[in-house]
Amino acid sequence: MSRPLQVVEIVDPRQQAAAHALRDAVFVQEQGVPAELERDALDALSRHVLAVDSDGAPIGTGRLAPDGKIGRLAVRADRRGQGVGDALLRALLDLAGRAGLHSTRLHAQLQAQSLYARHGFVAHGPRFEEAGIAHRAMRRVAGAAFEIDDVAGAVDATVTVIQCARRGLWVRSRDLDPGLFDHPDVLLALRRFATASRGGRVQLLLQDAATTQREHPPLLALAQRLPSVFAFREVEDPVDRAFAGAFVVNDSGGFLSRPLGNRFDGEAATTLSGRARQLERQFAPVWERSRPCSEFRALGI
């Protein structure tokens, strides 16, 4: 349960000392990061924020470097899972926006990736170690799309689109795109969305339901267990069947759009509401004139 807190920009040495104490407790004492690595030259150049509880006690901190890199996000152990990290990240993104930084980036510890994905950060590149801890690089581009070049990029963008969704996801696909919607990270994100008890709905519009039924990909098994969340239809209109692309779009301004559904390259965005709404509006009439996949009911869907 969330408890009252306030996030302020650090403006005096007392606040900065409290932030350093938090960082030392989390990174040095708890995670074993060498003290000489935890503090660096960027501290003096960055803008810092401090989260405090209703009594004024410090419970979290983070910083924004001049080049848009967010880092040193630390939350006191007894306040984790209570929205402190989200509040810190919102404050840092607000600072970035007011500074004209439309692109932000960070190195995420693996267990914190979902936090950053909820705020529109997309992972890219392989895992790497930093101070002995596994990380992934993540980036966020405010109000603009960015290119996706391969299946790894498509997977990472799809995970963020799913995790940013509030209550709605719309998918247009030939046959659930092997390599994408059967990827463990995508399936995990869909499972979390579907079981989050917020009335979520996933509508999947297929070009080729027969292949999907024959191959029985793992997403069908997930949908079988959660039939109130997932709905499948297959296009029938010749014009709709001629559509060559594929996309996934959410109700919070995020999407991945691929001009050719048999390829993984395309473009994605996490904060481009106008384009996301266009895709949703494009999806809706096709969904209405397409047939429900009644053959999936034999599978329990």
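Scope of this entry: the structure provided in the associated data block. (Residues numbered from 1 in each chain as written. Predicted model: local features only at pLDDT ≥ 70, side-chain atom pairs only at ≥ 80, totals over all residues. Heavy atoms only, no water.)

Our next topic: the nonpolar core. Of all hydrophobic cores here, the largest spans 39 residues; its most connected members are Leu169, Phe181, Leu190, Leu219, Phe230 and Phe232. Within the residue set of this core, elements represented by two or more residues are strand E8 (146-148), helix H6 (151-164), strand E9 (168-173), helix H7 (184-194), strand E10 (201-206), helix H9 (218-225) and strand E11 (230-234). If near-sequence neighbours (up to four positions away) are discounted, Phe181 is found in contact with Thr158, Val171, Leu176, Val186, Leu187, Leu190, Leu219 and Val248. Counting residues in hydrophobic clusters, the runner-up holds 24 residues, among them Leu89, Ala108, Phe121 and Ala123. (Core = buried A, V, L, I, M, F, W, Y, C linked by side-chain atoms within 4.5 Å. Buried < 20%, exposed > 50% of the residue type's maximum accessible area, 1.4 Å probe, protein only. Helix = DSSP H or I, 4+ residues; strand = E, 2+ residues; numbered from the N terminus. Contact = heavy atoms within 4.5 Å.)

Taken as a whole and judged by the stated rule, the model has 5 aromatic pairs. Ring centres of Phe232 and Phe296 lie 5.3 Å apart, and the angle between their planes is 85 degrees; on these two criteria the pair is classed as edge-to-face. Of the two residues, Phe232 is situated in strand E11 and Phe296 in the segment after strand E15 (291-292); the sequence distance between them amounts to 64 residues. Phe296 shares its class with Phe232; the two are buried. Following the ring pairs from residue to residue traces out a cluster consisting of Phe243, Phe247, Phe283 and Trp287. (Phe/Tyr/Trp six-rings, centres within 6.5 Å; stacked < 30°, edge-to-face > 60°.)

Moving on, we get to the sheet that holds strand E12 (residues 246-250). Sheets are built from strands that pair by backbone hydrogen bonding, the pairs being arranged parallel or antiparallel. Across the sheet, which stays open at both edges, the 8 strands sit in the order E8-E14-E13-E12-E9-E10-E11-E15 with mixed pairing between neighbours. Each edge of the open sheet is held by one strand with a lone partner, namely E8 and E15. Sheet topology note: the E12/strand E13 (residues 255-258) ladder contains 4 bridges and is antiparallel. Across the sheet, Val249 pairs through a bridge with Phe255, a residue of E13. (Pairing = 2+ DSSP bridges.)

We now examine helix H11 (residues 273-289). With 17 residues, H11 should cover 24 Å at 1.5 Å per step; its first-to-last C-alpha distance of 25 Å lies within 8% of that length. When H11 is considered as a whole, its buried residues turn out to be Ala276, Leu279, Phe283, Val286 and Trp287. End-on view of H11: buried residues confined to an arc of 105 degrees, all on one side of the axis. Opposite its buried face, H11 presents the exposed residues Arg281 and Glu288, each directed more than 90 degrees away. (Expected span 1.5 Å × (residues − 1). Arc of directions from axis to C-beta.)

Rolled over the atoms, a probe sized like a water molecule indicates the empty space that remains. The volume enclosed by the largest pocket comes to roughly 920 Å³. Forming the walls of the largest pocket are 39 residues, and the residues nearest its centre are Phe27, Leu73, Gln109, Ala112 and Tyr116. Listing elements by their share of the lining of the largest pocket, those giving two or more residues are helix H1 (13-30), helix H2 (35-38), strand E4 (69-75), helix H4 (84-98), strand E5 (103-109), helix H5 (113-118) and strand E7 (133-141). Residue composition of the lining of the largest pocket, grouped by class: 17 nonpolar, 11 polar and 11 charged. In this structure, the second largest pocket occupies an estimated 450 Å³ of space. For the second largest pocket, the lining is made up of 23 residues, of which Gln113, Arg127, Arg136, Val159 and Asp185 are closest to its centre. Looking at the lining of the second largest pocket, the elements with two or more residues in it are H5, strand E6 (122-130), E7, H6 and H7. Residue contributions to the lining of the second largest pocket peak at 6 residues, all from H6. (1 Å grid on protein atoms, 1.4 Å probe; cavity = no way out; pocket = protein on both sides within 12 Å on 5 of 7 lines; lining within 4 Å. Points joined across faces, edges and corners; volume = space filled by probe spheres on them. Nonpolar A, V, L, I, M, F, W, Y, C, P; charged D, E, K, R; others polar.)

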